[in-house]
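# Survey of secondary and tertiary structure
Residue strings, one per chain:
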Amino acid sequence: MKAIILSAGQGSRLGQLTHDRPKCLIDFAGRTLLDRQLDTLAANGIDEAVVVTGFRDEQVEAALARRAGGPRVRTIYNPFYKVADNLGSLFIAREELAGECLVWNGDTLVSDALMARVVGNQREGICVTIDRKAEYDEDDMKVVADGDGRLHAIGKRLPMGNVNAESIGLLAFRGGGAERFRAAIDTAIRSAEGTTIWYLRVIHQIAQKDDVWTLDISGEEWGEVDFPPDVESARALVARWDARRAAAA
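Parameters at a glance
Residues numbered from 1 in each chain as written. Predicted model: local features only at pLDDT ≥ 70, side-chain atom pairs only at ≥ 80, totals over all residues. Heavy atoms only, no water. Helix = DSSP H or I, 4+ residues; strand = E, 2+ residues; numbered from the N terminus. Rg over C-alpha atoms; globule rule 2.2 N^0.38 Å. Buried < 20%, exposed > 50% of the residue type's maximum accessible area, 1.4 Å probe, protein only. Contact = heavy atoms within 4.5 Å. Areas by Shrake-Rupley, 256 points an atom, 1.4 Å probe, with all protein chains shown as cover. Lys, Arg positive; Asp, Glu negative; His and termini not counted. Charge placed at Lys NZ, Arg CZ, Asp CG, Glu CD. Phe/Tyr/Trp six-rings, centres within 6.5 Å; stacked < 30°, edge-to-face > 60°. Lys NZ or Arg CZ within 6 Å of the ring centre and 35° of its normal. Pairing = 2+ DSSP bridges. Salt bridge = Lys/Arg side-chain N within 4 Å of Asp/Glu carboxyl O. Axes fitted to C-alpha atoms, helices over the stretch in contact; angles between N-to-C directions. Parallel < 35°, antiparallel > 145°, perpendicular 65-115°, else oblique. Left-handed = near helix turned anticlockwise from the far one by under 90°. Nonpolar A, V, L, I, M, F, W, Y, C, P; charged D, E, K, R; others polar. Expected span 1.5 Å × (residues − 1).

### A short note on the overall build of the protein chain
Scanning the protein chain from N- to C-terminus turns up seven helices and 13 strands. Relative to the 2.2 N^0.38 estimate, which gives 18 Å for 249 residues, the radius of gyration of the protein chain is 17 Å and therefore close to what a compact globule would have. Counting over 249 residues, the protein chain shows a buried share of 50%. Sequence separation of 24 or more characterises 75% of the internal contacts of the protein chain that already satisfy a separation of 6 or more. When the accessible surface of the protein chain is totalled, it reaches about 11100 Å², and 49% of it is carbon and sulfur. Placing the 31 positive and 38 negative side-chain charges of the protein chain at their respective mean positions leaves the two points 2 Å apart.

### Concerning helix H1 (residues 33–43)
Here H1 lies mainly inside the structure; eight of its 11 residues are buried. Of the residues making up H1, those classed as buried are Leu33, Leu34, Asp35, Arg36, Gln37, Leu38, Thr40 and Leu41. Where H1 ends, the next residue or the one after it, Gly45, has phi of about 80°, a positive value.

### Looking at the packing of aromatic side chains
All told, the structure shown has three aromatic pairs when counted by the stated rule. Ring centres of Phe173 and Phe181 lie 5.1 Å apart, and the angle between their planes is 10°; this geometry places the pair in the stacked category. You'll find Phe173 and Phe181 in the same group, each marked buried. Ring centres of Phe181 and Tyr199 lie 6.3 Å apart, and the angle between their planes is 65°; this geometry places the pair in the edge-to-face category. Placement of the pair is Phe181 in helix H5 (residues 177–189) and Tyr199 in helix H6 (residues 199–207), with a sequence separation of 18 residues. In terms of burial, Phe181 and Tyr199 fall into one category: buried. Pairwise contacts between aromatic rings join Phe173, Phe181 and Tyr199 into one cluster. Positioned above the aromatic ring of Phe91 is the side chain of Arg94, whose terminal nitrogen or guanidinium carbon lies 3.9 Å from the ring centre. The ring centre of Phe28 lies 5.7 Å from the NZ or CZ of Arg235, which sits over that ring.

### A closer look at the environment of Val83
Topologically, Val83 is positioned in the loop between strand S5 (72–77) and helix H3 (86–92). Given the relative accessible area of 62%, Val83 is considered exposed. For the pair Val83 and Asn105, spaced 22 residues apart in the sequence, the C-alpha separation amounts to 18 Å.

### A few points about the pairing of strand S9 (residues 142–145)
Looking along a regular strand, one sees the side chains alternate between the two faces of the sheet. The two faces of S9 match: Lys142 and Val144 on one face and Val143 and Ala145 on the other face are all buried. As defined by bridge partners, S9 adjoins strand S11 (residues 165–174) across two bridges and the pair is classed as antiparallel. Each residue of the ladder has a partner; that of Val143, found in S11, is Ala165.

### Digging into the side chain of Arg36
Tracing the chain through its elements places Arg36 in helix H1. On the basis of relative accessibility, which here comes to 8%, the residue Arg36 falls in the buried class.

### Remarks on the pattern of salt bridges
Following the criterion strictly, the structure yields 27 salt bridges and no others. With a shortest N-O distance of 2.9 Å, Asp39 and Arg31 are connected by a salt bridge. When the shortest N-O distance is used, the salt bridge between Arg190 and Asp186 registers 3.2 Å. Here Arg190 falls in the exposed class, since its relative accessible area comes to 64%. Exposure remark for Asp186: the relative accessible area of 24% places this residue in the partly exposed category. Through salt bridges with shared partners, a single network forms among Arg13, Lys23, Asp107, Asp139, Lys156 and Asp226.

### Points about the packing of H5 against H6
Any two packed helices are characterised by how steeply their axes cross, that is the angle between the axes, and by the distance between the axes. Where H5 contacts H6, the two axes come as close as 10 Å, and the packing angle between them is 110°. In terms of orientation, H5 lies roughly perpendicular with respect to H6. When you trace H5 past H6, the crossing you get is right-handed. Residue-level contacts link Arg180, Phe181, Ala184, Ile185 and Ala188 of H5 to Tyr199, Val202, Ile203 and Ile206 of H6. Here the contact of H5 with H6 is composed, by residue class, of eight nonpolar, no polar and one charged.

### Points about H5
Taking 1.5 Å of rise per residue, 13 residues should cover 18 Å, and H5 covers 18 Å from first to last C-alpha, within 8% of that figure. Buried residues along H5 sit against H3, strand S6 (101–105), strand S8 (125–131), S11 and H6.

Printed below as a string of structure tokens:
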């Protein structure tokens with residue numbers, strides 16, 4: 001299995017933290033966000049990663065050159081990161097969408113145990129990793145899924161009354177799912193709104209015609225880094241993970 005990590009954006013909502021460096025290079029207890037993502041892949045036997053870069057791509061390249069161990073990493077530069085949303089990054093990297101692969105947002109940290117569940121899940125097709133909570137806010141990538149795990153809708157503007165999960169920004173593709181997604185991306189980017197939409201809008205469109213599945217990882221640990229308070233929460237999270245690894249060593 002190969003992982004495609006979307007790390008082209010600046011992360012402007014983080015203010016001064018990303019004024020002159022990309023979000024994926026923020027430090028979390030001595031390791032960058034990207035380092036920690038790659039370490040999690042390595043811990044779960046994934047030995048190939050493709051990182052889509054954009055803002056300050058030379059800094060990402062230098063950081064990757066300093067790494068020792070972990071998956072083999074290639075980069076693909078997205079020259080349109082300032083004017084296109086993350087659908088543009090996947091369009092640039094569309095040839096990588098083949099066979100068994102993951103698509104992972106570059107601002108999400110997940111535990112090794114959570115990733116093990118994603119990698120170990122054998123659901124064919126397209127599978128969106130979801131979590132559950134009591135209430136959802138306007139910034140959540142909200143999901144409507146049925147009791148069998150089929151995804152019926154995904155987006156930030158779904159009616160709250162129907163929402164019963166949220167996407168954590170990690171998708172798995174097997175059994176032709178990646179190729180189906182790639183074809184849908186090619187169609188979507190050619191539409192009038194192609195450069196303004198998120199790739200999960202394409203997943204929503206696929207789900208209106210065909211099966212898209214979900215994997216519920218409720219109880220596992222993860223964090224998204226969008227706003228300054230998220231950084232401190234994520235640092236506390238990785239500190240717990242590091243302490244557990246040290247205790248088990």
